[in-house]
Structure formats: structure tokens, C-alpha cells
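These are the residues of each chain, in order.
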Amino acid sequence: MKKLVCVLFSLILLVAGLSGCMTKIDEDDIGKGNEGFVGEIGSGDLPSDFAGELSVACTNADSERAAMEAFIESFNKKYPNIIVTPTYLEAGTYISRIANVARAASSLGRHDEMYDVFWLAQDYVNGLYEIDACQPLDEVIEADDEVSKEDFVDLSVEVSQVNGKMYMMPRDYNQVVMYYNKDIFEAAGVAEPYDGMPGDEFVDMLAQLRANLANSTATNEYGLKYSDMPFLIDGNVCWDSFCWPLLKNFGAQIVDEEGEVVFDSEETRECISFWKNLIDEGYACTVSTGKSAGGAQFMLQNAAILFQSRASLSNILNRVPEDEIYGVPNLGVVSVPNFSGGDYAVGGGASGYSIYPHTSNAKEAWAFVKHIVSVEGQNAYAATGNGVPVLKSLLEEDSAVWITWAEENIDPNFNHDAFVYEMDSVTSTREFFAFIPVAAQNSVVACIDEAFTNAIAQLTQSGFDQMIREAAARMSIYIAQNS
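Here is what the cut-offs are and how they apply
Residues numbered from 1 in each chain as written. Predicted model: local features only at pLDDT ≥ 70, side-chain atom pairs only at ≥ 80, totals over all residues. Heavy atoms only, no water. pLDDT = per-residue confidence, 0-100. Contact = heavy atoms within 4.5 Å. Pairing = 2+ DSSP bridges. Helix = DSSP H or I, 4+ residues; strand = E, 2+ residues; numbered from the N terminus. Axes fitted to C-alpha atoms, helices over the stretch in contact; angles between N-to-C directions. Salt bridge = Lys/Arg side-chain N within 4 Å of Asp/Glu carboxyl O. Buried < 20%, exposed > 50% of the residue type's maximum accessible area, 1.4 Å probe, protein only. Expected span 1.5 Å × (residues − 1). Arc of directions from axis to C-beta.

1. Here we look at the confidence of the model for the chain
Mean pLDDT for the chain: 90, with 92% of residues reaching 70 or above. In the model, residues 1-25 has pLDDT below 50 throughout and makes 62 contacts with residues more than four positions away in sequence or in other chains.

2. Quick word on the sheet that holds strand β1 (residues 52-59)
Spatial strand order, β2-β1-β3-β13-β6: five strands in an open sheet with mixed pairing. The outermost strands of the open sheet, each flanked by one partner alone, are β2 (82-89) and β6 (169-170). In the sheet, β1 pairs with β2 via eight bridges, with the strands oriented parallel. Within β2, the position partnered with threonine 59 by the bridge is leucine 89. Along the sheet face, helix α3 (residues 62-78) touches β1, β2, β3 (117-121) and β13 (351-355) and points at about 180° away from the line of β2. Set on the sheet, helix α4 (residues 94-108) makes contact with β1, β2 and β3; between it and β1 the angle comes to about 140°.

3. Looking at the pattern of salt bridges
Applying the stated rule across the entire model yields 15 salt bridges. Ionic pairing is found between aspartate 172 and arginine 171, a salt bridge with its closest N-O pair at 3.1 Å. We classify arginine 171 as buried; its relative accessible area is 1%. We note a salt bridge from aspartate 280 to lysine 276, for which the minimum N-O separation is 3.7 Å.

4. As for the sheet that holds strand β12 (residues 346-349)
Sheet architecture is open: four strands sit in the order β14-β7-β12-β15, paired in mixed fashion. A strand with exactly one partner marks an edge of an open sheet, and here the two such strands are β14 (388-389) and β15 (426-427). Alignment of strand β7 (residues 172-175) against β12, held across two bridges, turns out to be antiparallel. Paired with asparagine 174 across the bridge in β12 is glycine 349.

5. Concerning helix α9 (residues 199-214)
In this model, α9 (16 residues) spans 23 Å end to end at C-alpha, consistent with the 22 Å of a helix rising 1.5 Å per residue. Looking at α9, one finds that the buried residues are Gly199, Phe202, Met205, Leu206, Leu209 and Leu213. For α9, the angular spread of buried residues about the axis comes to 110°, placing them on one side. In α9, the exposed positions angled more than 90 degrees off the buried face are occupied by Asp200 and Ala214. For α9, the elements touching its buried residues are β8 (177-181), α8 (182-188), β9 (233-234), α11 (266-280) and β10 (305-308).

The structure is reproduced here in C-alpha cells:
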């Protein structure tokens, strides 16, 4: 059986990839990019017969490759004489490769060895900003009448920025949702979940699933009994787009507005205890399983629920029976439950593309990145099945491809609302990043991951409390060191 590709990347890879042998550039130069970039681009659209070349990079994950191919094909309909050369890098080492190539190109002055345009997720913006690998885009956007940040979903702009400047052109709007396998619910005789489901009903639903499946002989397409599933919920609780909103839903905070760490709180304990109980009851996978293979069991029809975003949809649906890959064809989706019953919070953000500041193909690079956020580019990407548009104008347009594709390929009644449910309640790590130094932000997020991982593994209350205290103490150290 071919190995299924998982689209989740651990933040640990980012920390490792951007440290080590590379040294930081002078702090006075961080984030400036190429200050003459707007002049290099000039004004107005390129003529349709403009001839040029462009190198682009993304991971070799099936979903990212499909996205890049869709963008290139639609871009070349407009600019057939711009030769776009894609490079697909191994997903597990992708961000470290991009960082190393960018750093070497800048330090040696061999800028043509760096990709002109490259994919990145919101988690990676800060680290690449610190090594000056991304061109700030605000002045470019302001100089181009065809592009406005006002056209984009607000949160996608927020997560693309560092210190108020945009370093990534957002490609999509990613709000975390709850996918579920309808076949498993049917086999258990349990009612399907719904948007806005309260946390207590969610837990009751899990208990009913487990009890009813224990007496079921139904199997998945691989011949495995649903009663033998190791857990019901697959996924990565240490994914910052999930664990931070989960904490906020329970009323926990990381720092206050003065930048003082307030993570060690009863609200934090209540939140992590909630998830620990799901693991202890056998409902959710362990943290280690989630970090290394989040989503794989769901895609193998061996878990009932997955918390992910639209960006992973093609992986979930991937169906190649001759290779014994069946995906989850009978797929349902609803909003993330209100676990605590308090103020609703759900994770969201964006991935997108950055431009290398010292590219010699500035005109082509800007034309390509601008095409990504055009209606044509957004619809071309949506035709891959992945991604909710970053353009506000397409979110509620019934004829938008992201809606029609799902109705035609999954279910005529597919729940589009789940991907934009309670958008005013969507949050990201940028909410508390505003109060801590940029250089400390990745380390603080790593401490949140450690708190969940270590506290969940504890067998005693004292050990549980100690893990949270230690994580909070490390946060304070990182913030103090970088203030």
C-alpha cells in the first residue's frame, strides 16, 4: 500500500531548519527586503506577449503539487511566453531547504540560485522574515491598482504579516473544521454531528460511537472492523491552529497585554484535562501519534473524526483502488464543536507564496503572485478541491468553483458553511504574538506544544500541574531573552 501523504508539518521542523549552521543577518536589515522592488516591477500589467522565466517551489505533497500545477496552467493562459519552472521539495525538510538556499544565495550574492517564488504556511513567515528571505509586499500592493488587501479575508492578511507588514501573499482561507466518516456513523447507528455542536453533546456522541461500534461487525473497505479502531478522533492536538483556539475556548491565555506570561492558570488546566480525558477514554489518539501521523488513520477509514482544514481535502478523498487507497468518499464536515460551552473559538489562517527579495525576475514574480489572488487564479486552485478562497467576493458566490466542485464531486448537499462558520470567532497565534517579541514567538508556541504533550502523559495531578508550570516558566525565559 502506498504511503498516504500528510499535509501537517511540525513547528519543530521550522525551529530546527532555521537554526543550526545559519547565522542571523544584522538586525537592522531584517525585514527590509529589496527596497527598490517596486521600481523593478514598474507599473501596470505585463503585456500578454511578455517573455520571461520564473522559478517556483513548494512541497511534494500531492495537494501542494496540484495547487502549483493549477496556478501555472492558469497563469500561462494569460502569459504563455513566461516559462515557469516548478521544484517540488520533500515535505519533511521543505522549510529548512528553503531557508538554507535563501541564506546561501544572499550571503554569497548568487541570487539566481534561490527560487523566485516559494510556498509557505503562516507558521513559517516569522522564521523566514528573520533571515530576510521574503520581500515585503505592502508597497507593491499599494502601487498596483488591481490588488488590494481589503479584498482578502482579514485573518489571512493578519497571519501573512510581521510587525504590520505583509511578507506572504495569502492563497487561501483555512478555517479548522471537523471532518467525519459517514459510513462509521451509519454503522454505529449514531446521529451525525452538526454545526455549533456543544462540547457535552460531542463527548456523549463519542461514547455512543464507541459503545455501538463495539457490537458491530461492519468493516471498512480494507476489511478492518470498525470495532477494532484504536481511537475515534485522529489528528494533531499540538497543531497551533487547534491547540491555541482550544485554550482560548476554555478562557486560557498565553500572555497578557503587557507581555507577562499567564499560561499557568486553572483555565489552561481545564483545557488540557479535557483533551487528556478524551485520550484516556480511548476517544482521541495520543499526542505522539497525532504529531507523527495526524490524519493518516482517518484517511485509512480507521478513525471516525479528523480536525483539519479544507487544504487537506484532496488527500482525504484520494481514491486509487488499484493501489489499495480508498480515501473517505462518504465524507461529512461540520464546524469544530464548542468544547467548553464558553465563548466560541476556532483556528484559522492561510498559506501562500512569498517572493525572494533579490530575484532577477521581479516582474514575472509579481505577475505570478498577483495572479494567485485573481478570480481566475482562485477558481483554478479551487478546482483541485482544496482551499477556501481568500477573496471575500467568492466566499458566498454560489457559482464559485470551491462550492460547485464539492457539490459535483462529494455531495450535492455538502456543508460549505462549516468552512466559514462563525468567522468573527476565528483566531490564530497572531492574537498573542502581538504582545511578545518576534524572536520569541516560535519558542513560545513550542512551549504550548510541550505543555500538551507532557501534561497529557502524566499519571498524577501533581505531575500534570508541574508540566504546565514548567512550560510557562520557559515561555517567560524566551520572552525575557528576546525583549
